[in-house]
Amino acid sequence: VQLQAFGGGLVQAGGSLRLSCAASGRTFSRYTMGWFRQAPGKERELVAAISWNGGSTYYADSVKGRFTISRDNAKNTVYLQMNSLKPEDTAVYYCAADPRGIVVVTTTRPLYWGQGTLVTVSS
């Protein structure tokens with residue numbers, strides 16, 4: 001599966017952005033999807049993940065209540081709605097896919113990655 005993320009940009013603190021990740025192929029609905037981010041000088045971290053049918057989701061504590069992950073299997077797309085953005089959310093955001101379940105995605109490195117999209121939150 002090939003992934004392409006977009007929707008990043010510059011936003012003021014308190015603002016919102018929606019990231020999208022479009023996947024190629026007809027088996028998108030079989031994949032658990034995740035959003036990761038990497039800030040300068042820091043390790044890549046999992047932000048959110050969603051199971052193949054959207055029935056299960058995971059959020060990092062730092063984004064709970066502010067970010068929402070969702071997917072549209074008919075459009076082969078996963079979204080990350082980011083509200084109440086903070087300067088510490090500044091990072092390159094990556095989408096990832098894995099045919100294994102959400103528990104695997106939250107504990108290991110997913111198999112497929114898209115290119116990153118930069119999110120910059122100004123104070």
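Numbers given for residues are sequential positions, taken from 1 along each chain in its written order. The predicted nature of this model means local features are confined to residues of pLDDT at least 70 and side-chain atom pairs, given and counted, to a pLDDT of 80 or more, with totals for whole chains, interfaces and linings taken over all residues. To get the side-chain values, all heavy atoms of the structure are used, and hydrogens and water are removed first.

A word on unusual backbone geometry. A positive phi angle is found at Asn-76, which is not glycine, with a value near 50°. Locating Asn-76 in the fold gives a position in the loop between strand E7 (67–72) and strand E8 (77–82). According to the relative accessible area criterion, Asn-76 is buried, its value standing at 18%. A positive phi is found at Ser-84, a non-glycine position, where the angle reads about 50°. Helical segments are the DSSP runs of H or I of at least four residues, strand segments are the runs of E of at least two, and each set is numbered from the N terminus. Here Ser-84 shows up in the loop between E8 and strand E9 (91–98). Residue classification places Ser-84 among the partly exposed residues on the basis of a relative accessible area of 41%. Relative accessibility thresholds used throughout: buried, under 20% of the residue-type maximum; exposed, over 50%; partly exposed, between the two (1.4 Å probe, protein chains only).

What follows concerns the pattern of salt bridges. One speaks of a salt bridge when a side-chain nitrogen belonging to Lys or Arg is within 4 Å of a carboxyl oxygen belonging to Asp or Glu. Scanning the entire structure with this criterion turns up five salt bridges. A salt bridge links Arg-37 to Glu-45; the shortest N-O distance between them is 2.7 Å. Note on Arg-37: relative accessible area 6%, which makes it buried. Residue classification places Glu-45 among the partly exposed residues on the basis of a relative accessible area of 34%. Residue Asp-89 pairs with Arg-37 through a salt bridge whose shortest N-O separation is 2.9 Å. Note that Asp-89 is positioned in the loop between E8 and E9 and Arg-37 in strand E4 (residues 32–38), a separation of 52 residues in sequence. Judged by relative accessible area, Asp-89 falls into the buried class, the value being 1%. The network of salt bridges with shared partners includes Arg-37, Glu-45, Arg-66 and Asp-89.

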